[in-house]
Amino acid sequence: TRAATFQEEMSESVLNEVYVVPNPYIAYSSAEIAFRTGVRDDRRLEFRNLPKKCTIRIYTIVGELVDTIEKDDPTNYATWDLLTFESQEIAYGVYIFHVDAPGIGTNIGRIAMIK
């Protein structure tokens, strides 16, 4: 077997495959119930297909910064707890995310939060 490697020259096109789950996020959905305990689990979103090192910034639709997530690990995902950088719960609506991977490129996408 061969060890896993990260090839930056091939990763710019892969950056276009970054996605968020669940999207749209439906508040108080059955996905928030923990399987073992049956009580509400932590609310969160996952950004997937990320490079090893990147910065994810989440903005409101009018461009106000909501939160920043720094990722520097070998996994291909990062989680967001649906709180602002001031630890406040977010409102329902559409949010913009911006993934910035140094030396690779950027990607912009949308996240919907609905009741």
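Since the structure is predicted, the reported quantities are computational estimates derived from the model, not experimental observations.

Describing the overall build of the chain
Helix and strand content of the chain: one helix and eight strands. For the chain, the α and β elements follow one another from N to C terminus as α-β-β-β-β-β-β-β-β. Here the chain holds 115 residues, and 33% of them are scored as buried. Sequence separation of at least 24 residues holds for 54% of the intrachain contacts in the chain that already meet a minimum separation of 6. Total accessible area on the chain stands at roughly 7,800 Å², and carbon and sulfur atoms take up 50% of it.

Topic: the sheet that holds strand 3 (residues 45–48)
Read from one edge of the open sheet, three strands run 1-3-6, paired in antiparallel fashion. Single-partner strands in this sheet number two, and they are strand 1 (19–21) and strand 6 (77–80). Taken over all neighbouring pairs, the strand axes of this sheet differ in orientation by 25° on average, direction set aside. Examined bridge by bridge, strand 3 and strand 6 share four bridges and lie antiparallel to one another. Looking across to strand 6, one finds that Phe 47 is bridged to Ala 78.

Some remarks on the nonpolar core
Formed by 23 residues in total, the largest nonpolar core has its most connected members in Phe 47, Ile 56, Ile 58, Trp 80, Phe 97 and Met 113. The greatest single-element share of this core, amounting to four residues, is contributed by strand 7 (residues 93–101). Excluding residues that lie within four positions of it along the chain, Trp 80 makes contacts with Arg 43, Arg 44, Leu 45, Phe 47, Ile 58, Val 66, Asp 67, Ile 69, Ile 90 and Met 113.

Quick look at a nonpolar patch on the surface
A cluster of nonpolar residues, Ile 61, Val 62 and Val 94, forms a patch on the protein surface that exposes about 300 Å² of accessible area. By secondary structure assignment, the location of Val 62 is in the loop between strand 4 (53–60) and strand 5 (65–72). Among the residues examined, Val 62 registers a relative accessible area of 67% and is labelled exposed.

Quick notes on empty space enclosed by the protein
Across all of its chains, the model carries one cavity of 30 Å³ or more by this definition. When its volume is computed, the largest cavity comes out at roughly 50 Å³. Along its surface, the largest cavity is lined by Tyr 25, Ala 27, Arg 43, Leu 82, Ile 90, Ala 91, Tyr 92, Met 113 and Ile 114. Partitioning the lining of the largest cavity into residue classes produces eight nonpolar, no polar and one charged.

Structural notes on the sheet that holds strand 7
Read from one edge to the other, the open sheet built from five strands follows the order 2-8-7-4-5, with strand pairing classed as mixed. Looking at which strands have only one partner, the edges of the open sheet turn out to be strand 2 (25–26) and strand 5. Pairing analysis gives six bridges linking strand 4 to strand 7, with the strands arranged antiparallel. From the neighbouring strand, Ile 58 faces strand 7, where its bridge partner is Phe 97.

Considerations on the pattern of salt bridges
Summed over all chains, the structure comprises three salt bridges. Arg 44 is the salt-bridge partner of Glu 46, the closest N and O atoms lying 3.3 Å from each other. On the basis of relative accessible area, Arg 44 is assigned to the partly exposed category, the value being 47%. For Glu 46, the salt bridge identified is with Arg 48, shortest N-O distance 2.8 Å.

Rules and cut-offs
- Residues numbered from 1 in each chain as written.
- Predicted model: local features only at pLDDT ≥ 70, side-chain atom pairs only at ≥ 80, totals over all residues.
- Heavy atoms only, no water.
- Helix = DSSP H or I, 4+ residues; strand = E, 2+ residues; numbered from the N terminus.
- Buried < 20%, exposed > 50% of the residue type's maximum accessible area, 1.4 Å probe, protein only.
- Contact = heavy atoms within 4.5 Å.
- Areas by Shrake-Rupley, 256 points an atom, 1.4 Å probe, with all protein chains shown as cover.
- Pairing = 2+ DSSP bridges.
- Axes fitted to C-alpha atoms, helices over the stretch in contact; angles between N-to-C directions.
- Core = buried A, V, L, I, M, F, W, Y, C linked by side-chain atoms within 4.5 Å.
- Patch = residues over 30% accessible without salt bridge, like charges linked within 9 Å, V, L, I, M, F, W, Y side chains within 5 Å.
- Salt bridge = Lys/Arg side-chain N within 4 Å of Asp/Glu carboxyl O.
- 1 Å grid on protein atoms, 1.4 Å probe; cavity = no way out; pocket = protein on both sides within 12 Å on 5 of 7 lines; lining within 4 Å.
- Points joined across faces, edges and corners; volume = space filled by probe spheres on them.
- Nonpolar A, V, L, I, M, F, W, Y, C, P; charged D, E, K, R; others polar.

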